[in-house]
Structures are given as structure tokens and as C-alpha cells.
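A look at the structure
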Amino acid sequence: MLTSKLDVINRLGRFLNNQKWLLLTNLHLNNLKVNQVLRSTNDSEIEKAQTEVNNLSFSEKDYRDFVNSDVLSQYNQLDYIHSKPLEYLATMTLLDLREGDEILDAAGGEEAEYIKALVAVSDFKLTAYCQDSLLDGKVTDGIKYIGGSIDAIPLPDESLDGISCHHSFEHFRDDLDIKFIKEAVRLLRVGRKLVIAPLFLTNEYAEIWNNKQIQKSNIEKAITIFDNTATFAGWGAYEGFARTYSPAAFKTRIIDNLPSNCHAKIYKVLVDGKPVPDIKKNYHQPLLNAEMKVLVIVKS
């Protein structure tokens with residue numbers, strides 16, 4: 001009886017916490033301090049990343065065609081371009097998948113929305129895995145959920161043709177960002193790609209926290225931002241932390257630590273020649289995501 005009561009209390013606590021973050025977002029009171037301190041990098045600043053930069057261009061029709069599926073119907077009803085399916089469209093385009101490919105969405109979560117959308121719009125068969133440490137062994141809609149840490153994924157060397165990571169990379173604490181890329185390169189077949197969307201390059205190298213109980217001392221050269229309105233830092237099972245890179249920090253932390261058998265590219269996402277998303281309408285996002293960027297790691 002005591003266990004069941006504690007379970008009810010814990011569920012209620014999670015529900016109320018979730019409602020708090022949704023209320024802050026709906027009132028446009030989220031990410032207040034983050035928005036004061038951080039902004040997206042401009043073209044001259046991004047050169048300090050010393051990484052090839054390209055444009056990834058779509059039309060609004062490309063976007064509308066992509067969200068015209070049952071899986072993404074909630075976005076098709078909106079009169080603006082939502083950042084989430086735009087991330088999916090960018091990832092799908094850059095991975096350039098083929099018949100029979102085996103793919104993994106890292107830290108994909110229970111909904112596995114990206115993989116479901118990808119399967120819905122593809123006219124070929126894929127073997128799809130979704131990695132989430134809490135969902136090991138689950139199989140739903142043909143998607144196989146696998147556990148393990150993001151730096152120790154239980155799949156063989158060179159067993160995958162594409163790896164995606166959506167809005168999770170920035171939440172990898174300590175040195176898990178570096179370790180995840182090395183693990184992804186281990187898993188990829190030669191010539192195939194890891195796509196991280198979005199990549200947050202900002203005017204400052206920063207670590208953002210929204211929960212004092214889990215906040216750690218910063219031993220890096222990043223500035224520390226505590227913002228109790230920071231939906232950007234996440235909530236729920238993986239709440240509390242987000243990291244953004246200045247171009248110089250991205251170079252020293254990510255590029256300089258890449259395995260020797262891969263190379264990186266950054267893509268700036270454009271729709272009809274303009275940076276996206278429109279943050280005034282995508283108010284769930286911080287201002288620093290006003291010019292979406294995507295990181296691609298290619299195994300050679």
C-alpha cells in the first residue's frame with residue numbers, strides 16, 4: 001500500500017512539474033535569462049569553428065509536403081514552420097538513406113516521432129532502432145528500442161547506415177557529447193553519417209541549468225547560467241541541463257576530439273532563402289535557435 005501511495009505522489013509531482021513548464025511556455029515567460037545572455041552566431045563568428053559550412057535550402061512547399069502525413073498532421077495544421085519537423089526534414093535529407101538501410105535515432109524517446117515520420121514518407125524499407133536508456137527491449141510499430149548509455153550503445157561495430165540525434169546533444173552532460181560522437185563513428189559503416197540537429201553555436205560557450213538540486217560546478221571554460229525559467233534545459237526524465245558552444249569552443253571541444261576516420265560539416269538551414277525558425281511563433285525555443293544549424297559527421 002505504501003509503495004502504491006508513493007507511486008501516486010511521484011506521478012502527481014511529475015505531472016505538476018510538467019504543467020509548470022508548459023505554463024511558462026504558453027505565457028512566453030520561458031528562457032528569460034538565457035535570452036538575455038545568449039544569441040546565435042553570425043557568419044563572421046562561425047569561421048572560428050574552422051569547419052566547412054554549407055547552406056541546406058528548402059522551400060516552404062518542401063516543408064508542407066513533408067508534414068502532410070498522419071504522423072506529422074499536428075504540424076500541418078499550423079500556419080507557420082515549426083522547428084521540430086524542420087529538424088526531421090533536415091536530418092532525413094542529409095542522411096540520404098537507401099533501401100534496406102539500418103538506422104538509429106539516439107536518445108529518441110518513447111514517441112520516436114522522427115523515425116515514424118521517416119518511415120511514413122519513405123518509399124523503401126528501413127530497419128529502425130531508437131536508443132533510450134529507459135526503454136530497452138520495447139518493440140512498437142516495427143521500431144526496436146535499445147538501451148545502454150549514449151556512449152555505450154549495444155550494437156556491433158559498423159552496423160548502421162545512419163544515426164540521428166534530435167534536440168538531445170545539448171543535454172549530454174560532462175564529456176558525453178565527445179564520447180557520443182566517438183561511439184556513433186564506431187557504429188557507422190564507412191561513408192555514412194551522424195546528423196545532430198540542431199547544433200547550438202552561440203556568442204558564449206555556456207552551460208545552462210534550471211534545477212539547483214542537480215547543478216554541478218563548472219570545471220570547463222564555459223560560463224554558467226542558472227535560469228529557473230529555462231525550458232531549453234529540459235524537464236522530466238532528463239531535466240536540468242543544456243550546453244551551447246561558442247565557435248572557438250566547438251573547435252577545441254568537438255572538432256579537435258573527432259576520431260581520425262571522420263570529418264565534420266555544419267549546415268545552415270534556410271527556407272525560401274531565409275534563416276529559420278521564426279522564434280516569435282516558435283516561442284517554445286530560445287532566441288539562440290533563431291538560425292537553425294545542423295552538424296554532420298561523415299565516417300571515412
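Our structure's up above, just so we're on the same page.
An account of the accompanying structure is given in this report.

Further remarks concern the overall build of the protein. The number of helices and strands found in the protein is 9 helices and 13 strands. Scaling as 2.2 N^0.38, a compact globule of 300 residues should have a C-alpha radius of gyration of about 19 Å, and the protein matches this with 19 Å. Once the C-alpha set of the protein is aligned to its principal axes, its extents read approximately 50 × 50 × 40 Å. Taken over 300 residues, the protein has a buried fraction of 50%. A separation threshold of at least 6 residues defines the contact pool for the protein, and within that pool the share at least 24 residues apart is 74%. For the protein, the distance from the average position of its 35 positive side-chain charges to the average position of its 41 negative side-chain charges is 4 Å.

Bringing the packing of aromatic side chains into the picture now. When we look at a pair of aromatic rings, we describe it by the centre distance and by the angle of the planes. Tallied over the full model, the rule gives 9 aromatic pairs. Ring geometry for phenylalanine 169 versus phenylalanine 172: centroids 5.9 Å apart, planes at 80°, classification edge-to-face. Taken together, the ring pairs connect Phe169, Phe172, Phe180, Tyr205, Tyr245 and Phe250 into an aromatic cluster.

Here we take up unusual backbone geometry. For the bond running from alanine 197 to proline 198, omega is -10°, close enough to zero to count as cis. With respect to the helices and strands, the residue proline 198 is situated in the loop between strand 7 (188-197) and strand 8 (206-209). At the junction of valine 276 and proline 277, the peptide bond is cis and its omega measures out at 0° in the coordinates. Among the structural elements, proline 277 can be located in the loop between strand 12 (274-275) and strand 13 (293-299). Although it is not a glycine, alanine 112 sits at a positive phi angle of roughly 50°. Position of alanine 112 relative to the elements: it lies in the loop between strand 2 (102-106) and helix 7 (113-121).

The strand order 9-8-10 describes an open sheet built from 3 strands, whose pairing is mixed. At either end of the open sheet lies a strand with only one pairing partner, and these are strand 9 (223-226) and strand 10 (241-244). For this sheet, the mean angle separating the axes of adjacent strands, direction not counted, is 20°. For strand 8 and strand 10, the ladder comprises 4 bridges, and the chain directions are antiparallel. Across the sheet, residue glutamate 207 finds its bridge partner in strand 10, namely arginine 243.

Calculation criteria
Residues numbered from 1 in each chain as written. Predicted model: local features only at pLDDT ≥ 70, side-chain atom pairs only at ≥ 80, totals over all residues. Heavy atoms only, no water. Helix = DSSP H or I, 4+ residues; strand = E, 2+ residues; numbered from the N terminus. Rg over C-alpha atoms; globule rule 2.2 N^0.38 Å. Buried < 20%, exposed > 50% of the residue type's maximum accessible area, 1.4 Å probe, protein only. Contact = heavy atoms within 4.5 Å. Lys, Arg positive; Asp, Glu negative; His and termini not counted. Charge placed at Lys NZ, Arg CZ, Asp CG, Glu CD. Phe/Tyr/Trp six-rings, centres within 6.5 Å; stacked < 30°, edge-to-face > 60°. Pairing = 2+ DSSP bridges. Axes fitted to C-alpha atoms, helices over the stretch in contact; angles between N-to-C directions.

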